[in-house]
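# Notes for the structure review
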There are 2 protein chains.
Amino acid sequence: MPEFRHDPIDNRWVIIAESRAARPGAFTTSVGWAVPTIPTEQTHAPVGTAHPTCPFCPGNERETPPEVFALRAGDSKANSPGWRVRVVPNKYPALAMELAPVPAQEAPSLFSSFPAIGVHEVIIDTPRHLGTIAELTDGEFTESWFAIRSRLHALRELASLKHALVFKNVGRASGASIEHVHSQLMATQTITPLVAEELRGAKNYFDAHSQCAFCQMIEAERSAGARLVAESLGFIALCPYASRFAYETWVLPRRHQSHFEATGDGDLADLASFSRGIIGKIERLCQPPAYNLILHTSPFDTTALDHYHWHIEVIPRLTISGGFEWGSGCFANPVSPENAAAVLRS
Amino acid sequence: MPEFRHDPIDNRWVIIAESRAARPGAFTTSVGWAVPTIPTEQTHAPVGTAHPTCPFCPGNERETPPEVFALRAGDSKANSPGWRVRVVPNKYPALAMELAPVPAQEAPSLFSSFPAIGVHEVIIDTPRHLGTIAELTDGEFTESWFAIRSRLHALRELASLKHALVFKNVGRASGASIEHVHSQLMATQTITPLVAEELRGAKNYFDAHSQCAFCQMIEAERSAGARLVAESLGFIALCPYASRFAYETWVLPRRHQSHFEATGDGDLADLASFSRGIIGKIERLCQPPAYNLILHTSPFDTTALDHYHWHIEVIPRLTISGGFEWGSGCFANPVSPENAAAVLRS
């Protein structure tokens, strides 16, 4: 069973999940004399053609655990073709779904751990074997966001889960092990450290200014323009002032909203169309495409929060974080967000 | 001039340093329609042969800024062949050396920045064009640590600098842009976030237990043995309990010592020989070798600290951090430190 382990000195949590070692492409370089072996990489089938060995293609439904949600033709059966979006448990989960209490915080101890409990699911965006978001239709991407919203609604009803992180790894350099476009959802009993820090920072800002930091950022960036990438009726894309990565781009709802799952159908369609355009620019920027997409939203045990604003962070993987980043916890970004936004606007 | 920018919501600092974009291999994938271009990768010369286009090989001293320190033959001139270890300012610095006050902390604001002031140097381990530490001799590696100690002694005398991070990127997948083995030293006016967190965590532990957390860890790991890799007279190597990365390995002095630069000559020779053996194991583990080595030591404006213990962290780059890691601030490690240590002991 995967376990969370705590480093008391750096105050950081790690999931030790050896089940993850077996997944395709778990390691980037060959491991000389270690236990895990590297499977040969999946060969590329013509775009949109069902791939005989792709576990996310129609006809191969038995290669994944049984589906927990799908949008499918009325006459089709679960775990068989006929679906348009399919959600399945991750075959190599970093979290295990069992009931266990979260241990109470105690004095710092050298060796603390607790079971890594939660839900680790995969959202397969389309039955078509596509490697990029730009190749999806707006309708497909809308249904994919619809499926994510449905899962968040369902999971927030489970009293044992507190928060969900949704993300997408596209391209080998992003950590993706399967080419067929998909998202992952990890719902946990605790709020993960970065989101906890965001919630704290946003609350501090709200307490100091009586305004949502993200709403103020949107207003300031719309007025300044230098870091603005694009806008739709309901959404805005910008390169954040303290971008960690070259061409890092955030997509936010223009109106204040703390929970992604509160987004209405019309706004989901707007989000799909708008974000597909932005992601397409980033996919064209990186050849081959390699980026992470991260959805940050509010904890399950909260309703509308004044101080937090859900958003999507798109992180192109153009540079490699090295000893400086991993040793300092700081980032060195070789492209200013002003120049990045100018490139992305063009 | 590079600048530190602050993200008030996530409370994280970023250096925006466009000067870094020009360095060889700054970007991992080709950048479709962006400004920076990717230089062709340096071709590989026979091991130990001076490489005509390597800026770190003897004869090419003019390709780097003038040296600030060198161990060289008595009759040789600065910035000419005859050196054994050479320290030069980084040609593409993420920090600029100028005098500027650190701004006072204020209420959280959306857009805070200050100039990224400091020293960014490169320590060239050997005149021989080698790509791994295992190929160095113990004597060469001892002189390399000696040069680092000398630079830390010199830089701590500058009142404007508060802390130095020393690190080594080996292999393309680690972020290295030049093959010839070298370290980097970044000395800053502030303590970088991860070291600040370590200092805080170590102080908390000391306050709770009246013992150095690292000393206690060493004692516990020697007694348990499962995560112990090796020991010398003065040093110990172990896979930490909450390892972030597969085969992450730390090297620590067995006796309590807060500042690396306080290490005596005999201990430096022991460190060089011992750490070269450990690093060699990791180099054989990853094919091609790819890892970061990070030295964490105490701030310049402190003397012997009871609660902090300098150490070296070696991070093999066998897995790619993806959306989960960058979105959550947590790590998912597919190899338990117990299994990693067993492999590294064998």
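Residues numbered from 1 in each chain as written. Chains lettered and ligands numbered in written order. Predicted model: local features only at pLDDT ≥ 70, side-chain atom pairs only at ≥ 80, totals over all residues. Heavy atoms only, no water.

### What to know about the interface of chain B and chain A
Using the following cut-off: Whether two residues are in contact is decided by their heavy atoms: any pair within 4.5 Å suffices. Put simply, buried area is how much 1.4 Å-probe accessible surface two parts lose in total, over both of them, once they are put together. In the sections that follow, a salt bridge refers to a side-chain nitrogen of Lys or Arg positioned within 4 Å of a carboxyl oxygen of Asp or Glu.
With 105 residues of chain B at the contact, the number on the chain A side is 105 residues. Carbon and sulfur atoms supply 65% of the area buried between chain B and chain A, which totals about 8700 Å² over both sides. Counting every contact that joins chain B to chain A gives 2 salt bridges. Here A:Arg5 and B:Glu338 are joined by a salt bridge, their closest N and O atoms 3.0 Å apart.

### Description of the packing of helix 1 (residues 138-155) of chain B against helix 4 (residues 265-285) of chain B
All names here are of chain B. Selection rule: Helix axes are fitted to C-alpha atoms over the stretch in contact, other axes to C-alpha atoms as well, and angles between N-to-C directions run from 0 to 180 degrees. Each helix corresponds to a stretch of at least 4 residues labelled H or I by DSSP, and each strand to a stretch of at least 2 residues labelled E; elements are numbered beginning at the N terminus. Every angle not falling under 35 degrees, over 145, or within 65 to 115 is termed oblique; those three ranges are roughly parallel, roughly antiparallel and roughly perpendicular. Put simply, a crossing is left-handed when the front helix is turned counterclockwise from the back one by less than a right angle, and right-handed when it is turned clockwise. Three classes are used, and their members are as follows: Ala, Val, Leu, Ile, Met, Phe, Trp, Tyr, Cys and Pro are nonpolar, Asp, Glu, Lys and Arg are charged, and the others, Gly among them, are polar.
Between helix 1 and helix 4, the shortest axis-to-axis distance is 8 Å and the interhelical angle comes to 120°. In this view, helix 1 runs oblique relative to helix 4, as classed from their interaxial angle. Taken as a pair, helix 1 and helix 4 cross one another with a handedness that is right-handed. In this structure, helix 1 uses Asp138, Phe141, Thr142, Trp145, Phe146 and Arg149 to contact helix 4, whose residues at the interface are Asp265, Leu268, Ala269, Leu271, Ala272, Ser273, Ser275, Arg276 and Ile279. Broken down by class, the residue content of the contact of helix 1 with helix 4 amounts to 8 nonpolar, 3 polar and 4 charged.

### Brief notes about the sheet that holds strand 4 (residues 69-72) of chain A
Residues and elements named next belong to chain A. As a reminder of what qualifies: Strands are treated as partners if at least two bridges between them are detected by DSSP.
If you trace the 10 strands from one edge of the open sheet to the other, you get 4-5-7-9-8-14-15-12-11-10, paired in antiparallel fashion. Lying at the two open borders of the sheet, with one neighbouring strand each, are strand 4 and strand 10 (228-231). Neighbour-to-neighbour, the strand axes of the sheet open up by a mean angle of 15°, direction not taken into account. Of the strand pairs in this sheet, strand 8 (residues 163-170) and strand 9 (residues 182-188) are connected by 5 bridges, and their pairing is antiparallel. Residue Ala164 lies in a different strand from strand 9, and its bridge partner there is Ala187. Packing against the sheet, helix 3 (residues 213-224) makes contact with strand 10, strand 11 (235-238), strand 12 (249-253) and strand 15 (311-316), and its axis sits at approximately 110° to strand 12.

### Looking at the relation of the copies chain B and chain A
Under the convention used in this document: Superposing copies: least-squares fit, C-alpha atoms only, residues required to have pLDDT of at least 70 in both.
For the pair chain B and chain A, the relating rotation is 180°, the translation along its axis is 0.0 Å, and the fit reaches an RMSD of 0.0 Å. Between the two chains, the operation in question is that of a two-fold axis. Looking at the interface residues of chain B, 100% of them are also at the interface in chain A, so both copies use one shared face.

### Structural notes on the packing of aromatic side chains
As a reminder, the rule being used: Working definition: rings of Phe, Tyr and Trp (its six-membered ring) pair if their centres are within 6.5 Å, and the pair is stacked with planes under 30 degrees apart, edge-to-face with planes over 60 apart, and tilted otherwise. Residue exposure (1.4 Å probe, protein chains only): buried if accessible area is under 20% of the type maximum, exposed if over 50%, otherwise partly exposed. Counted as over-ring charges are cases with an Arg CZ or a Lys NZ within 6 Å of the ring centre that also lie within 35 degrees of the ring normal.
Under the counting rule described, the total for this entry stands at 23 aromatic pairs over all chains. Where A:Tyr241 meets B:Phe111, the ring centres are 5.0 Å apart and the plane angle is 75°; that geometry is what we call edge-to-face. Taken as a pair, A:Tyr241 in the loop between strand 11 and strand 12 and B:Phe111 in the loop between strand 5 (83-89) and strand 6 (112-115) lie in two separate chains rather than in one. Under the relative-accessibility criterion, A:Tyr241 is labelled buried at 12%. Residue classification places B:Phe111 among the partly exposed positions, given a relative accessible area of 32%. Joined through ring pairs, the aromatic side chains of A:Phe245, A:Trp326, A:Phe331, B:Phe245, B:Trp326 and B:Phe331 make up one cluster. The ring of B:Tyr241 has A:Arg5 lying over it, and the distance from NZ or CZ to the ring centre is 4.3 Å.

### Looking at helix 6 (residues 337-345) of chain B
Cut-off, in case you're wondering: Our arc is simply the arc of the directions from the helix axis toward the C-beta atoms.
What helix 6 of chain B keeps buried is the set B:Pro337, B:Ala340, B:Ala341, B:Val343 and B:Leu344. The buried residues of helix 6 of chain B occupy one face: seen down the axis, they fall within an arc of 160°. Residues of helix 6 of chain B that are buried make contact with strand 1 (3-7) and strand 2 (12-16) of chain A together with strand 10 (228-231), strand 12 (249-253) and helix 4 of chain B.

### Notes on the sheet that holds strand 4 (residues 69-72) of chain B
Residue and element names in this part refer to chain B. Across the sheet, which stays open at both edges, the 10 strands sit in the order 4-5-7-9-8-14-15-12-11-10 with antiparallel pairing between neighbours. For this open sheet the edge positions go to strand 4 and strand 10, each flanked by a neighbour on one side alone. Between one strand and the next, the sheet's axes are offset by a mean angle of 15°, whatever the strand orientation. Examined bridge by bridge, strand 10 and strand 11 (residues 235-238) share 3 bridges and lie antiparallel to one another. Bridge pairing in strand 11 links Leu228 to Leu238.

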